[in-house]
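Next come the chains, spelled out residue by residue.
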Amino acid sequence: MTLSVTAERSLGDVLQRRSRIGLVIGSGGIKCTMAIGLLKVLAREGIPVDVAVGCSGGAIYAAMFALGDEVAAIETRSLEVWRDLFTKLHYRSLLRAVAPALFGYHEQVGLVDDRRVWQVLEAHFGTRDFGECRIPLHVAATDFRSGEKVTLTEGRIIDAIRASIAIPLLLRAWPVNDRLLVDGGASNPLPIDIAIREGCDIILAMGFESQMTDDVRSFTNAVGRTSTIVTNHLLRATFAFYSAAHHAEVLPIMPLLDRDIGLTEWEQIPYLIEQGERAAEEQVPYLRRLLAQTLGDASPPRA
Amino acid sequence: MMEVSIQQHNHVAVVVIAGSIDALTADALVTALLAELQQGRTRLVADFSAVEYTSSAGLRVLLTTLKDARQRGGDLRLAHIRPNVRQVLELSGFTSILKCFPDRDSAIASYPA
């Protein structure tokens, strides 16, 4: 038996109307700059996006996109933003961590001095709030006390992002609306669920797996490797569940890197952007075919 | 675009799929696969050597077929998966729940006679 299919409509009612497209950018530290490559492709191809969802470093780029920032400006700024961002230690936290009986422990401990992080966020986002976005923005974070997933959709964007990027142990937890929040990646590294909840039919899901370090030569390395294993599996489990469990079409954009890139390796950003762009381009042919089938898009959109 | 051809190899039905398994082709593929199962051909091998792309809709086709085949005492096994498709299958955990083989012959041979 031979069967040939060119454009069988399998999405049911989804194809009877203009598809609602969600952009999800997951957690991944400096690797989230790969999202710039994806944003370049979206702009070049004229792909309409209706909802932006971001987590941790991905929240920075989801927010910039939702606010309508030009991709070229985002790229230029990113080359500066990450420089020396995580290189200064927060000595009080360090002392509290090693000698809590002497210096007193505090749940907002973070080993990195976050003043520069705040300055960078303030320089870009200032007092802008969610209401100023041209499309709805959702930022994923984690309640440090209850462990619950949290979605931030209102208030100052800077607070939402600062909470979402609070990498456990590195950056202090951040209070928002009477909750103490940490990195969204701790509970929801690729928040596809938020895009599904917001009614998206097609979800561009950009996630970032971490590379395993070659060898473990210190306790810090061991902690890092353990974190990488747990985070990668959480990312895969999240992608697997929402891909199989829901009718939404999830297009994974997960660039494969040939090297491990740490938070302080900002000189790798051009390479990361290039890899993000390449991975996004792989999805374009299918995305264009999919959009061409919707009644609202008689022909594939072009910028 | 996708093409499906089904060939019988003794006790195994080999489903050769070419093109993209996605939301635009998923219904046709699942219909063809479930039709094989309903006719009692429950030992399936999907030859993926010409599958260029798989989306989440494609993953759901595999899952539906796998569940149905196993409920009928058979199985769905994959052969010759391209690296980009394998990446999606690995990310979604499908390589953990499906038996995958480097080529069609070894997939066919994996079923007892």
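So, here's what we can say about the structure. Here the structure is a predicted model, which means the values were calculated and not measured.

### Quick notes on the overall build of chain B
Part 1: Summing up its helical and strand segments, chain B has 5 helices and 5 strands in all.
Part 2: Of the regular secondary structure in chain B, the N- to C-terminal order runs β-β-α-β-α-β-α-α-β-α.
Part 3: Radius of gyration (C-alpha) of chain B: 12 Å, near the 13 Å computed for a compact globule of 113 residues.
Part 4: C-alpha atoms of chain B, sized along the principal axes, occupy 30 × 25 × 20 Å.
Part 5: Out of the 113 residues belonging to chain B, those deemed buried represent 58%.
Part 6: For chain B, restricting intrachain contacts to residue pairs at least 6 apart in sequence, the fraction spanning at least 24 positions comes to 70%.
Part 7: Carbon and sulfur atoms make up 50% of the accessible area of chain B, which totals about 4400 Å².
Part 8: Each charge class in chain B can be summarised by its mean position, and for the 11 positive and 11 negative side chains these summaries are 8 Å apart.

### Focus on the nonpolar core
Part 1: Among the nonpolar cores identified, the biggest contains 113 residues, and Y61(A), F125(A), L137(A), L152(A) and F48(B) are the most heavily contacted of them.
Part 2: For this core, the element with the most residues is helix α10 (residues 269–293) of chain A, which contributes 11 residues.
Part 3: If near-sequence neighbours (up to four positions away) are discounted, L137(A) is found in contact with A52(A), A62(A), A63(A), A66(A), F130(A), L152(A), T153(A) and I157(A).
Part 4: Counting residues in hydrophobic clusters, the runner-up holds 20 residues, among them V53(A), A195(A), L235(A) and M254(A).

### Topic: helix α1 (residues 34–45) of chain A
Helical periodicity: at 3.6 residues per turn, an α-helix aligns residues three or four positions apart in one direction.
All names here are of chain A.
Part 1: The end-to-end C-alpha distance of α1 is 17 Å, a good match for the 16 Å that 12 residues give at a rise of 1.5 Å each.
Part 2: Taken as a whole, α1 has its buried residues at M34, A35, I36, G37, L38, L39, V41, L42 and E45.
Part 3: On its buried face, α1 is in contact with β2 (21–25), α2 (57–67), α3 (71–81), β8 (202–206), β9 (249–253) and α10.
Part 4: Two residues or fewer past α1, G46 is found with a positive phi of approximately 65 degrees.

### Concerning the environment of D114(A)
All names here are of chain A.
Part 1: The topology assignment puts D114 in the loop between α5 (100–103) and α6 (115–125).
Part 2: Residues D114 and I36 lie 78 residues apart in sequence; the distance between their C-alpha atoms is 24 Å.
Part 3: Excluding its chain neighbours within four sequence positions, the residues that come into contact with D114 are R162, L171 and R172.

### What about the pattern of salt bridges?
If charged atoms from side chains of opposite charge come close, those side chains can pair.
Part 1: Counting across every chain of the model gives 23 salt bridges over all chains.
Part 2: Between D75(B) and R70(B) there is a salt bridge, with its nearest N and O atoms 2.9 Å apart.
Part 3: By relative accessible area, R70(B) is classed as partly exposed at 39%.
Part 4: Salt bridges sharing common partners tie together R44(A), E277(A) and E281(A).

### Let's talk about the pairing of β8(A)
All names here are of chain A.
Part 1: Across the 5 residues that make up β8, a large majority, 5, are buried.
Part 2: Of the two faces of β8, the one holding I202, L204 and M206 and the one holding I203 and A205 are both buried throughout.
Part 3: Here 5 bridges tie β2 to β8, and the two strands are oriented parallel to one another. Across the sheet, the residue bridging to G22 is I203, located in β8.
Part 4: In this sheet, β9 lies alongside β8 in parallel orientation, the contact comprising 5 bridges. Its bridge partner being in β9, M206 is matched across the sheet by I253.

### Considering the packing of aromatic side chains
Residue and element names in this part refer to chain A.
Part 1: For the structure on display, the rule yields 3 aromatic pairs over all chains.
Part 2: Ring centres 5.0 Å apart and planes at 80 degrees place the aromatic pair F241 and Y242 in the edge-to-face group.
Part 3: Residue classification places Y242 among the buried positions, given a relative accessible area of 16%.
Part 4: Above the face of the F65 ring, R134 is positioned so that its terminal group lies 4.7 Å from the ring centre.
Part 5: Taking the ring centre of Y271 as reference, the NZ or CZ of R259 above it sits at 3.7 Å.

Definitions and cut-offs
Residues numbered from 1 in each chain as written. Chains lettered and ligands numbered in written order. Predicted model: local features only at pLDDT ≥ 70, side-chain atom pairs only at ≥ 80, totals over all residues. Heavy atoms only, no water. Helix = DSSP H or I, 4+ residues; strand = E, 2+ residues; numbered from the N terminus. Rg over C-alpha atoms; globule rule 2.2 N^0.38 Å. Buried < 20%, exposed > 50% of the residue type's maximum accessible area, 1.4 Å probe, protein only. Contact = heavy atoms within 4.5 Å. Areas by Shrake-Rupley, 256 points an atom, 1.4 Å probe, with all protein chains shown as cover. Lys, Arg positive; Asp, Glu negative; His and termini not counted. Charge placed at Lys NZ, Arg CZ, Asp CG, Glu CD. Core = buried A, V, L, I, M, F, W, Y, C linked by side-chain atoms within 4.5 Å. Expected span 1.5 Å × (residues − 1). Salt bridge = Lys/Arg side-chain N within 4 Å of Asp/Glu carboxyl O. Pairing = 2+ DSSP bridges. Phe/Tyr/Trp six-rings, centres within 6.5 Å; stacked < 30°, edge-to-face > 60°. Lys NZ or Arg CZ within 6 Å of the ring centre and 35° of its normal.

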